[in-house]
Amino acid sequence: MAALGGTLAGAVLTTQVAGPLLAQDAAKNSSVYEQLDLFGDIFERIRAQYVEEVDAADLIEAAIDGMLTSLDPHSSYLSPKDAADMRVQTRGSFGGLGIEVTQEEGFVRVVSPMDGTPADDAGVESGDYITHVDGEALIGLTLDEAVNMLRGPVGSEIIITVVREGVDEPFDVSIIRDTIKLTAATARSVGNTIVLRVTTFNDQTYANMAEGLAREVESLGGMENVDGFVLDLRNNPGGLLNQAIEVSDAFLESGEIVSTRGRNPSESERVNAEAGDLAEGKPMVVLINGGSASASEIVAGALQDHRRAIVVGTKSFGKGSVQTVMPLASDGAMRLTTARYYTPSGRSIQALGVSPDIVVQQPPRLPEAENEDEDARPQRTEADLRGSLNNDSLTEDEQRQIEEEREAAEEAAKLRDDDFQLSYAVDLIKGLSTIALAQ
């Protein structure tokens, strides 16, 4: 009887729990089918009754794209042509203006112009809003539709209308479209500091950076003559996740670089650094600004959390999500947000960005007339006074060395007029190097 009672109780309990759940699933499925029927009804009515004949394939593509773009600003449908263009872009050569854009509340916002591209040369800035293309408004268009309006034949002119913070009225910018050939990373020396400029994360990024770093170290006579490194990620819109990981790993000996967490906890991933630091422990500064996004923020966040570098500049863009490109049967593709990424300390950058350790704004340049007036003022010193005493405590070689060091410092100071943030970073490296030598 006891066993029978237990069986009956179990059956009743199962019926009470499973029954409502099955009913809920059936109701959900019924609702989905009803919505699909509604879609089919609307699709057929458009085909039959719209004022002009429409292509069925275009309607379906538009529906798919609308479904994806309703999720977040970074999920989208890629037509076969767009998918082919994207594959070319990751290899580092493509046609266009040279800007990375996103969409905010229906407006097209410039994430960053790419170095040396038509948009950069025309003065387009990170944070600009593009409202019109050749007089046609972009408001109400999807991001893909707006991007298609920005594209065009190489050599053709486009006039964009820009709204910029701090400027009272919208203004037009004329740009000549060109083939965008990007060198993903470059290296140069400022004094004894090596500046690594990374403009995007494509297939070439790590190789370009490592090659440039090695070349500059050799030109300075070896790592012992290097004060430190500046990694310039300003206006870098991001790109390939694996390249961000490689660049971060280049300067870390161990520890986590980044973790990604998707909808399913079992799909979470954690990437750790392997031994080997290309900079051999020398001081590092990472430069970021509001145009530094996605992969750039992964690198800045990893080096900041490990205290491997001081982050200088202004708050980054705040794109902390991972997009997976999934090929489709039509030769198109689907770009879908599949995970969020987190820095080694476990913080998400999404919508918050990376906050610099030292906030340094890039001041507007002074008008040429003001610069000329300032430079024209004579600077008199003790040595200019008639009959002044000579310095008898130094040899001629020591005096020559001091003069050379002074000339190098003055040359570095000229950088402040062109790029104050970079000048600040170079000065910081020199100070850190001096402290390290004293210890």
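Per an unreviewed UniProt entry, the chain goes by the name Carboxyl-terminal processing protease and belongs to Aliiroseovarius sediminilitoris.

Q: What's the story with a nonpolar patch on the surface in this structure? I'm lost.
A: Taken together, the side chains of Val32, Tyr33 and Leu36 present a nonpolar region at the surface, about 330 Å² in accessible area. Given the relative accessible area of 52%, Leu36 is considered exposed.

Q: Where do I start with the pairing of strand S14 (residues 269–272) in this structure?
A: Along any regular strand, the residues point their side chains to alternate faces of the sheet. Sheet analysis places strand S13 (residues 256–262) next to S14, joined by 4 bridges and oriented antiparallel. When the sheet's bridge partners are listed, Val258 is paired in S14 with Val271. Counting the residues between successive antiparallel strands, the hairpin from S13 to S14 contains 6 residues.

Q: Looking at this model, I keep getting lost on the packing of aromatic side chains. Mind explaining?
A: Each aromatic ring pair is specified by the distance between its two centres and by the angle formed by the two planes. If you walk through the whole model with that rule in mind, you get 2 aromatic pairs. Relative to Phe43, the ring of Phe39 lies with its centre 6.3 Å away and its plane at 15°, an arrangement referred to as stacked. Of this pair, Phe39 and Phe43 both sit in helix H1 (residues 2–49), 4 residues apart, which is roughly one turn of that helix. On the accessibility criterion, Phe39 (41% relative accessible area) is partly exposed. For Phe43, a relative accessible area of 14% puts it in the buried group. Where Phe107 meets Tyr129, the ring centres are 6.5 Å apart and the plane angle is 85°; that geometry is what we call edge-to-face. Taken together, the residues span a long stretch of sequence, with Phe107 in strand S4 (residues 107–113) and Tyr129 in strand S5 (residues 129–133) at a distance of 22 residues. Residue Phe107 is classed as partly exposed on the basis of its relative accessible area, which comes to 38%.

Q: Is there a simple way to explain the packing of helix H7 (residues 241–249) against helix H8 (residues 295–305) in this structure?
A: To characterise two packed helices, one gives the angle between the axes of the helices and the distance between these axes. Interhelical geometry of H7 versus H8 gives an angle of 25° and a closest axis separation of 9 Å. Considered as vectors, H7 and H8 are oriented roughly parallel to each other. You can see that H7 and H8 cross each other, and the crossing is right-handed. In this structure, H7 contributes Leu241, Ala244, Val247 and Ser248 to the contact, and H8 contributes Ala295, Ile298, Val299, Ala302 and Leu303. By residue class, the composition of the contact of H7 with H8 is 8 nonpolar, 1 polar and no charged.

Q: Mind showing me how you'd approach H7 here?
A: It helps to recall that an α-helix has 3.6 residues per turn; residues three or four apart then point in one direction. Of the residues making up H7, those classed as buried are Gln243, Ala244, Ile245, Val247, Ser248 and Asp249. Where the residues of H7 are buried, they touch helix H6 (205–219), strand S12 (228–232), S13, S14 and H8.

Q: Can you help me understand the nonpolar core in this one?
A: Most often, soluble globular proteins keep nonpolar side chains buried together rather than apart. Formed by 41 residues in total, the largest nonpolar core has its most connected members in Leu196, Met209, Phe229, Leu231, Phe251, Val286 and Leu303. In terms of residue count, H8 provides more of this core than any other element does, 6 residues in total. The residues touching Leu196, leaving out its near neighbours within four places in the chain, are Thr186, Ala187, Met209, Leu213, Phe229, Val230, Leu231, Asp232 and Phe251. Ile99, Ala146, Val162 and Ile175 belong to the second largest nonpolar core, which has 19 residues in total.

Q: What should I look at first to understand the pattern of salt bridges in this one?
A: Where charged atoms of side chains with opposite charge meet at close range, the side chains can pair. All told, the structure shown has 15 salt bridges when counted by the stated rule. Among the salt bridges present, the one from Arg164 reaches Asp128, with a minimum N-O distance of 2.8 Å. Of this pair, Arg164 sits in the loop between strand S7 (157–163) and strand S8 (171–176) while Asp128 sits in the loop between helix H4 (118–121) and S5; the two residues are 36 residues apart in sequence, bridging distant segments of the chain. The class for Asp128 is buried, based on a relative accessible area of 1%. In this structure, the salt-bridge partner of Arg270 is Glu256, at a minimum N-O distance of 2.4 Å. Taken together, the positions of Arg270 in strand S14 and Glu256 in strand S13 put the pair 14 residues apart, joining distant regions of the chain. With a relative accessible area of 11%, Glu256 lands in the buried category.

Definitions and limits used
Residues numbered from 1 in each chain as written. Predicted model: local features only at pLDDT ≥ 70, side-chain atom pairs only at ≥ 80, totals over all residues. Heavy atoms only, no water. Patch = residues over 30% accessible without salt bridge, like charges linked within 9 Å, V, L, I, M, F, W, Y side chains within 5 Å. Areas by Shrake-Rupley, 256 points an atom, 1.4 Å probe, with all protein chains shown as cover. Salt bridge = Lys/Arg side-chain N within 4 Å of Asp/Glu carboxyl O. Buried < 20%, exposed > 50% of the residue type's maximum accessible area, 1.4 Å probe, protein only. Pairing = 2+ DSSP bridges. Helix = DSSP H or I, 4+ residues; strand = E, 2+ residues; numbered from the N terminus. Phe/Tyr/Trp six-rings, centres within 6.5 Å; stacked < 30°, edge-to-face > 60°. Axes fitted to C-alpha atoms, helices over the stretch in contact; angles between N-to-C directions. Parallel < 35°, antiparallel > 145°, perpendicular 65-115°, else oblique. Left-handed = near helix turned anticlockwise from the far one by under 90°. Contact = heavy atoms within 4.5 Å. Nonpolar A, V, L, I, M, F, W, Y, C, P; charged D, E, K, R; others polar. Core = buried A, V, L, I, M, F, W, Y, C linked by side-chain atoms within 4.5 Å.

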